[in-house]
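Here are the chains, one letter per residue:
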Amino acid sequence: PPRPGGVARRGAAGAAGGLGAFGPRNEGRTGRYGCNALSMRGGAGIACIIGLGLARTQIATRLSNPELADSMVLLGLFLTFMLMSTVLEIIMVSRMRHFVAAFTYAVSAIGRTLLFVIPALMFGSLRAVFIGGTLFAGVRLRLMLASLWREFGREFTVDRALGRPQLATARQ
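Residues numbered from 1 in each chain as written. Predicted model: local features only at pLDDT ≥ 70, side-chain atom pairs only at ≥ 80, totals over all residues. Heavy atoms only, no water.

Observations regarding the layout of surface pockets
Applicable threshold: The method works on a 1 Å grid over the protein atoms by themselves. A cavity is a set of points holding a 1.4 Å probe that cannot get out, a pocket is an open set with protein on both sides within 12 Å along at least five of seven lines, and residues with an atom within 4 Å of a point line them. Grid points are joined across faces, edges and corners, and a volume is the space filled by probe spheres set on the points. Only DSSP runs of H or I covering at least 4 residues are called helices, and only runs of E covering at least 2 are called strands; the numbering of each starts at the N terminus. Residue polarity follows a fixed list, in which Ala, Val, Leu, Ile, Met, Phe, Trp, Tyr, Cys and Pro are nonpolar, Asp, Glu, Lys and Arg are charged, and the others, Gly among them, are polar.
Size it by volume and the second largest pocket reaches roughly 250 Å³. Surrounding the second largest pocket, 13 residues form its lining, Thr104, Ser108, Val139, Arg140 and Leu143 being those nearest its centre. Elements supplying a minimum of two residues to the lining of the second largest pocket: helix H4 (72-94), helix H5 (98-123) and helix H6 (126-152). Of all the elements, H6 adds the most residues to the lining of the second largest pocket, at 7 residues. Its residues placed into classes, the lining of the second largest pocket shows 7 nonpolar, 4 polar and 2 charged.

Spelled out as structure tokens, the structure:
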């Protein structure tokens, strides 16, 4: 039987795959491919937020941690923001900017670690960890959007015609 979230996961992954596959061949359209991938990943993230919100009690019960139920929506936001913000590194790699992509990822990993650990140490609660992580992911997403807007300007827009082949990649 299919696993929950499989369609959203494959759709988001396919959109990103489409970005890597189509972006380098269509340099002038990379901004639109990137925005399409961002939108598809955002949609998949919203599905995750809804699913986690609806199943929060069952998830917390299965993990034997009732406190976790209160943080499921934050977890969904964290996942959504992180899923969306990976578009930056995908664009960098598709444009052969490997060093910059690796550096961006490394700095991001350090920041993410700090915003998980510091709230845990300061407040000693699981909710504080999720708030710190979600704050990090939101800042990362905002910085990614600013970077892509700076690079692509008005070219960074959704293009449904280009999105169809990207979505077809997701279904393969």
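We are not done yet, so read on.
Considerations on the pattern of salt bridges
What counts is decided by this rule: By definition here, a salt bridge exists when the distance from a side-chain nitrogen of Lys or Arg to a carboxyl oxygen of Asp or Glu is within 4 Å. When accessible area is computed with a 1.4 Å probe and restricted to protein chains, residues below 20% of their type maximum are described as buried, those above 50% as exposed, and intermediate ones as partly exposed.
One pass over the structure, following the stated rule, counts 5 salt bridges. Residue arginine 32 is joined to glutamate 155 by a salt bridge in which the shortest nitrogen-to-oxygen separation is 2.6 Å. Of the two residues, arginine 32 is situated in helix H2 (residues 30-54) and glutamate 155 in the loop between H6 and helix H7 (160-170); the sequence distance between them amounts to 123 residues. We classify glutamate 155 as partly exposed; its relative accessible area is 24%. When the shortest N-O distance is used, the salt bridge between glutamate 151 and arginine 97 registers 3.1 Å. Of this pair, glutamate 151 sits in helix H6 while arginine 97 sits in the loop between H4 and H5, and the two are 54 residues apart along the sequence. A relative accessible area of 34% means that glutamate 151 is categorised as partly exposed.

Some remarks on the packing of H4 against H6
Rules: A fitted line through C-alpha atoms serves as each axis, taken over the contacting stretch for helices, and the angle formed by two N-to-C directions is quoted from 0 to 180°. Should an angle lie under 35 degrees it is considered roughly parallel, over 145 roughly antiparallel, and from 65 to 115 roughly perpendicular; all remaining angles are considered oblique. Whether a crossing is left-handed or right-handed is set by the direction in which the near helix is turned from the far one by less than a right angle, anticlockwise for left-handed and clockwise for right-handed.
Contact pair H4 / H6: the axes reach a minimum separation of 8 Å and the direction vectors enclose 30 degrees. Our classification of the angle between H4 and H6 gives roughly parallel. Classified by chirality, the crossing of H6 by H4 is left-handed.

Brief notes about unusual backbone geometry
At serine 64, a residue that is not glycine, the phi angle is positive and equals roughly 55 degrees. Within the fold, serine 64 resides in the loop between helix H3 (56-62) and H4. On the accessibility criterion, serine 64 (66% relative accessible area) is exposed.

As for the environment of alanine 102
Among the secondary structure elements, alanine 102 is positioned in helix H5. Distance in space between the C-alpha atoms of alanine 102 and glutamate 89 is 8.0 Å, their sequence separation being 13 residues.

Describing the packing of aromatic side chains
Working definition: an aromatic ring pair is given by the centre-to-centre distance plus the angle between the planes. So the rule is basically this: Classification of ring pairs uses Phe, Tyr and Trp, with its six-membered ring standing for Trp, and accepts pairs whose centres are within 6.5 Å; under 30 degrees between planes counts as stacked, over 60 as edge-to-face, and the remaining range as tilted.
Within this structure, the stated rule accounts for 2 aromatic pairs. Centre to centre, the rings of phenylalanine 78 and phenylalanine 116 are 5.4 Å apart; their planes meet at 65 degrees, and the pair counts as edge-to-face. Here phenylalanine 78, found in helix H4, pairs with phenylalanine 116, found in helix H5; they are 38 residues apart in sequence, far enough to count as distant. The class for phenylalanine 116 is partly exposed, based on a relative accessible area of 24%.

Points about the confidence of the model for the chain
Heads up, the condition is: Residue-level confidence of the predictor is summarised by pLDDT, bounded by 0 at the bottom and 100 at the top.
Averaged over every residue, the pLDDT of the chain is 85; the share at 70 or more is 83%. Considering each helix and strand of the chain separately, the mean pLDDT is smallest for helix H1 (residues 6-22), with a value of 49, and largest for H3, with 96.

Overview of a nonpolar patch on the surface
Quick reminder of the rule: Each patch is built from residues lacking any salt bridge and having more than 30% relative accessible area; the joining distance is 9 Å for like charges and 5 Å for nonpolar side chains (Val, Leu, Ile, Met, Phe, Trp, Tyr). In these tables, accessible area is a Shrake-Rupley quantity obtained with a 1.4 Å probe, and a residue counts as shielded only by the protein chains included in the view.
Taken together, the side chains of Ile110, Leu114, Ile118, Met122 and Phe123 define a hydrophobic patch exposed on the protein surface, amounting to about 550 Å² of accessible area. Its place among the elements puts leucine 114 in helix H5.

Section: the nonpolar core
Heads up, the rule is: For the purposes of this section, nonpolar cores are sets of buried Ala, Val, Leu, Ile, Met, Phe, Trp, Tyr and Cys residues that join through side-chain atoms within 4.5 Å.
Counting 14 residues, the largest nonpolar core has Leu38, Val87, Met144, Leu148 and Phe156 as its most contacted members. Those elements that provide at least two residues to this core are H2, H4 and H6. Looking at this core, the element that brings in the most residues is H4, giving 5 residues. Counting 7 residues, the second-largest nonpolar core is a separate cluster that includes Ala60, Ala69, Met72 and Phe130.

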